[in-house]
Amino acid sequence: MLQGYRTHSHVALPQNTPDRMTPSILTWLMLLHCSCISSTFGSSSEQYANQSICHKRRFQELSCSSLNLSSVPNYLESGLKKLDLSNNFIRTLNEESTATLRSLQELDLSFNRLDLLTRSAGRNLVQLQSLNLTGNNLDRNRKRNSAALQSLKSLKVLELSQNNLNSDTAALYLKNMSSLEHLGLARNKLTKLSSELFHQSPNLESISLEDNIIVEIDEGTFEGLKRLRVLNLAFNSLRCISDFQLKQLLTLNLSRNSIEFFVTSENEDVYLLETLDLSYNRLLYFPLLPKRSALQYLYLQNNEMGSLTLGSAFSEVRTLYQEITRLDTPNSKTVFKLYSNTTFTNLVHLDLSNNLFTSFPFHFLHDLIALQHLNLSDNCLQNFTLEESAAETQVTPERPSPLFQKHILLPSMRTLDLHSNLIHYLPPWFFELLPQIERVNLGKNSLQPCAISHAFASNGPALQNVSHNGDCVDFSGLGTLKHLDLHENNIAVLFPHVFHGTPLVSLDLAGNTHLRIAAKALDSLASTLQELSVSGNLMINSDLPLPCLKELRRLDLSNNLLGALPPQIRCSPLVEIDVRNNSLTGLDVPAVTCWSRSLQTIQLSRNSFSCCTLDWLRIMQESKVDIDDLEDAVCFYQQNYTLAVALTRDHSQECPHGAAAETTFLLGLLIVAVLLITAAVVIGKLKYQKPGTSVELKSNKVASFEYTQDIDCGPKVAKLNLFETET
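Residues numbered from 1 in each chain as written. Predicted model: local features only at pLDDT ≥ 70, side-chain atom pairs only at ≥ 80, totals over all residues. Heavy atoms only, no water.

Participant: Teacher, can you tell me more about the overall build of the protein chain here?
Facilitator: When helices and strands are counted, the protein chain shows twelve helices and 44 strands. Looking at the 727 residues of the protein chain, the share that counts as buried comes to 44%. Look at the contacts in the protein chain between residues 6 or more apart in sequence, and 52% of them connect residues 24 or more apart. For the protein chain, the exposed surface amounts to about 37,600 Å²; the carbon and sulfur share of it is 52%. (Helix = DSSP H or I, 4+ residues; strand = E, 2+ residues; numbered from the N terminus. Buried < 20%, exposed > 50% of the residue type's maximum accessible area, 1.4 Å probe, protein only. Contact = heavy atoms within 4.5 Å. Areas by Shrake-Rupley, 256 points an atom, 1.4 Å probe, with all protein chains shown as cover.)

Participant: For this particular structure, what's the right way to read the nonpolar core?
Facilitator: The tendency in soluble globular proteins is for nonpolar side chains to be buried as a group. In this structure, Leu-209 and Leu-350 are the most contacted members of the largest nonpolar core, which totals 160 residues. Ranked by the residues each element gives to this core, the list is headed by helix 11 (residues 615-622), at four residues. Setting aside residues no more than four positions away along its own chain, Leu-209 makes contact with Leu-185, Ala-186, Leu-190, Leu-193, Phe-198, Ile-214, Phe-222, Leu-231, Asn-232, Leu-233, Ala-234 and Asn-236. (Core = buried A, V, L, I, M, F, W, Y, C linked by side-chain atoms within 4.5 Å.)

Participant: It is not clear to me how unusual backbone geometry should be interpreted in this structure. Could you clarify?
Facilitator: Comment: phi is negative for the bulk of residues other than glycine, and the bulk of peptide bonds are trans. Phi at Tyr-75 takes a positive value of approximately 60°, unusual for a residue other than glycine. Within the chain, Arg-606 stands out as a residue other than glycine whose phi angle is a positive 60°. By the element assignment, Arg-606 lies in the loop between strand 38 (601-603) and strand 39 (609-610).

Participant: Even after reading the chapter, I still don't get the pattern of salt bridges, so can you show me in this structure?
Facilitator: Opposite charge on two side chains permits pairing when their charged atoms draw close. For the coordinates displayed, the defined rule picks out 18 salt bridges. In this structure, Glu-106 and Lys-82 form a salt bridge, with 3.8 Å as the shortest nitrogen-oxygen distance. Taken as a pair, Glu-106 in strand 7 (residues 106-108) and Lys-82 in strand 5 (residues 82-84) lie far apart in primary sequence, 24 residues in all. Look at Glu-106 and you get partly exposed, because its relative accessible area is 35%. Between Asp-115 and Arg-140 there is a salt bridge whose closest N-O contact spans 3.5 Å. In this pair, Asp-115 sits in the loop between strand 7 and strand 8 (116-117) while Arg-140 sits in the loop between strand 9 (130-132) and helix 3 (142-150), placing the two residues 25 residues apart along the sequence. For Asp-115, a relative accessible area of 8% corresponds to the buried category. The network of salt bridges with shared partners includes Arg-91, Asp-115 and Arg-140. (Salt bridge = Lys/Arg side-chain N within 4 Å of Asp/Glu carboxyl O.)

Participant: How do you make sense of a nonpolar patch on the surface when you look at a structure like this?
Facilitator: Taken together, the side chains of Leu-538, Ile-540 and Leu-561 make up a nonpolar region of the molecular surface, amounting to roughly 230 Å² of accessible area. With respect to the helices, strands and loops of the structure, Leu-561 is situated in the loop between strand 36 (554-556) and strand 37 (576-578). Owing to a relative accessible area of 43%, Leu-561 belongs among the partly exposed residues under this scheme. (Patch = residues over 30% accessible without salt bridge, like charges linked within 9 Å, V, L, I, M, F, W, Y side chains within 5 Å.)

Participant: In this structure, what is going on with the environment of Thr-264? I would like to understand it.
Facilitator: When you line up the elements, Thr-264 lands in the loop between strand 18 (261-262) and strand 19 (270-271). Judged by its relative accessible area of 3%, Thr-264 is buried. Spatially, the C-alpha atom of Thr-264 lies 7.2 Å from that of Gln-245, the residues being 19 residues apart in sequence. Every residue in contact with Thr-264, bar those within four places of it in the chain, is listed here: Phe-244, Tyr-271, Leu-288, Leu-289 and Pro-290. A distance of 3.0 Å separates the side chain of Thr-264 from the backbone oxygen of Leu-288, its partner in a polar contact. (Polar contact = N/O pair within 3.5 Å; in protein donor to acceptor, adjacent residues only side chain to side chain.)

Participant: Where do I start with the environment of Leu-515 in this structure?
Facilitator: Along the chain, Leu-515 falls in the loop between strand 33 (506-508) and strand 34 (516-517). Looking at Leu-515, the relative accessible area reads 0%, which means it is buried. Taking the C-alpha atoms as reference, Leu-515 lies 7.7 Å from Asn-490; in sequence the two are 25 residues apart. If near-sequence neighbours (up to four positions away) are discounted, Leu-515 is found in contact with Ile-491, Ala-492, Val-493, Leu-494, Leu-509, Asn-537, Met-539 and Asp-543.

Participant: Would you explain the pairing of strand 3 (residues 55-58) in this entry?
Facilitator: Across a regular strand the side chains alternate sides, sitting on one face of the sheet and then on the other. Strand direction decides the pairing type here: strand 3 and strand 4 (residues 61-63), joined by three bridges, are antiparallel. Counterpart to Lys-56 in the pairing with strand 4 is Leu-62. Hairpin connection of strand 3 to strand 4: two residues between the antiparallel strands, including Gln-60 at a positive phi of 70°. (Pairing = 2+ DSSP bridges.)

Participant: Help me understand helix 3, please; the structure alone is not making it clear to me.
Facilitator: Each α-helix turn comprises 3.6 residues. Residues three or four places apart therefore point the same way. Every buried residue of helix 3 is listed here: Asn-145, Ser-146, Ala-147, Ala-148, Leu-149 and Gln-150. Looking at the buried positions of helix 3, the neighbouring elements they touch are strand 8, helix 2 (119-124), strand 9, strand 10 (157-159) and helix 4 (167-173).

Below, the structure written as structure tokens:
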């Protein structure tokens, strides 16, 4: 069939075509030729278009992220140092796609559909130091991908997370990777780490293996990595760490496994470990840590530890130590030595929250001279015991001996978190053991602050002036304490001068239902308090006699029964205030005027505002105060308190000016009546004289009232002036 034709310029013509082509045939050929040219260079045009919508972050850095690319754009600048191709649909990295990238140092191909890397592509990337391949399909084409990775001779950072890799594939990809320093293998399917896994990557400094299914680690897997500093094994299925020997590590994350025991053999070696995270495991006892280490941060929250006393652990730890170390059964003295010889002189942060402790571990903490932050929240703490060796002595109100008190002193403690326990009493000397304490959280306990005698305010702090009835806590005279949290303690009364000598900056009293704050209870904080919360206490106005708090910046009055704001808060330079869910019909206009200088945010919904007295709202809006929940706020008209309307709507028709005029008129009448009554009293005591003569008073003493107001919107003060006149 094809024999009757001959080919010429890729176009089939009949053999009987004359030498001189007709114009129509010539036109047809030209169109066909143009079409071929268009199809040949169409892909290049598309790539140029793709490149043109890439974002140039800075010189020699280009981002082509999230552009629905199916391949690496061609004709990229040859001098690029950093290229981001993340979140596209690229499946292959070949020689053509990397031809112009010989200067590239960082390449991000994360979250594509990449399943093939060619060796020739790797050979072009001669200066590549960082390669991110997270979230691809590199569980396929394993041998070809491994060869491509081995060709990257300058690679220092390799991210292979979330690629469905098993242990064998990971080992294949790490062959001949001697330049590698940082490796990411998180969120894969590794189950076992063999001793040969990292043998050909001896320069690794950090390894992330979190969120795999690792149940076993061979001895020697990490010991040969002398430069290894950071190891992350969180979110795996490890059950115990026996004979811990990674002396070179600075940070070890073993959180969220199923670890029941952590044991280090007794030796004199120095461990560089600074941070150890064993949180969210099943630890039954405090871990047996290296005797000599630089440990600063220890996270043991969310475990099953119930005691830190040495005696309780002896029998079980003896058996455990034998099984793990394969040594002869140690006696009690050896086990005691394992614990007592471990020093924590560098420990700064210790988190023991969410365990099963019932007693405060004074004896265990006595050597922690550098400890600044201790968290024992969410335990079962009831008793505060003093321990000497293995013996326990129940604390009594008497002060411990000076020698023993010095032995259990925590001289560097700044933050103590004891919230969500069963504490109802703290010994009078408890805070004396914390001479530098700044922040204490005692929320969600059952504490009652002690009453302070009247002599206390005038005579200064003295222990005998504190009423200790055996079930209260003394918060006076704590010169370093700045932040105190007492929320949800069922506190009934806050007595006068309760914080005398304690310069609190923040105080949380929220959630103490029906709390009553006595007059002068907070007077000692007038010049220091910046944050106060009394939210959720169902307080009425008489329960909240606040003084003038001149430094108060944040105030939470929400979820109470207040019908008006405390008058003295007008002198506070508030930045934030929350008055939600009260019984307010309006806000004090003079107070709002004062706050307009400083107030930035207010929350005020779920009140019973009057729609016809909203001058305070106008002042706030003019002052650009951010009212977070303005759209949710409602108000009521005086004639109908059952119908709530939006606070922001126009109320001019329902609230005519006459109503405001009537209110003003009535107020004027009241003032005139008061003046007339006062004049009548004065006139009744005067003698009339002839015109031009002076008025003679029955007494030569004259009284005058003078009202003054602080220039910073302080409270008005009535001043009585008495002076004598010449007779």
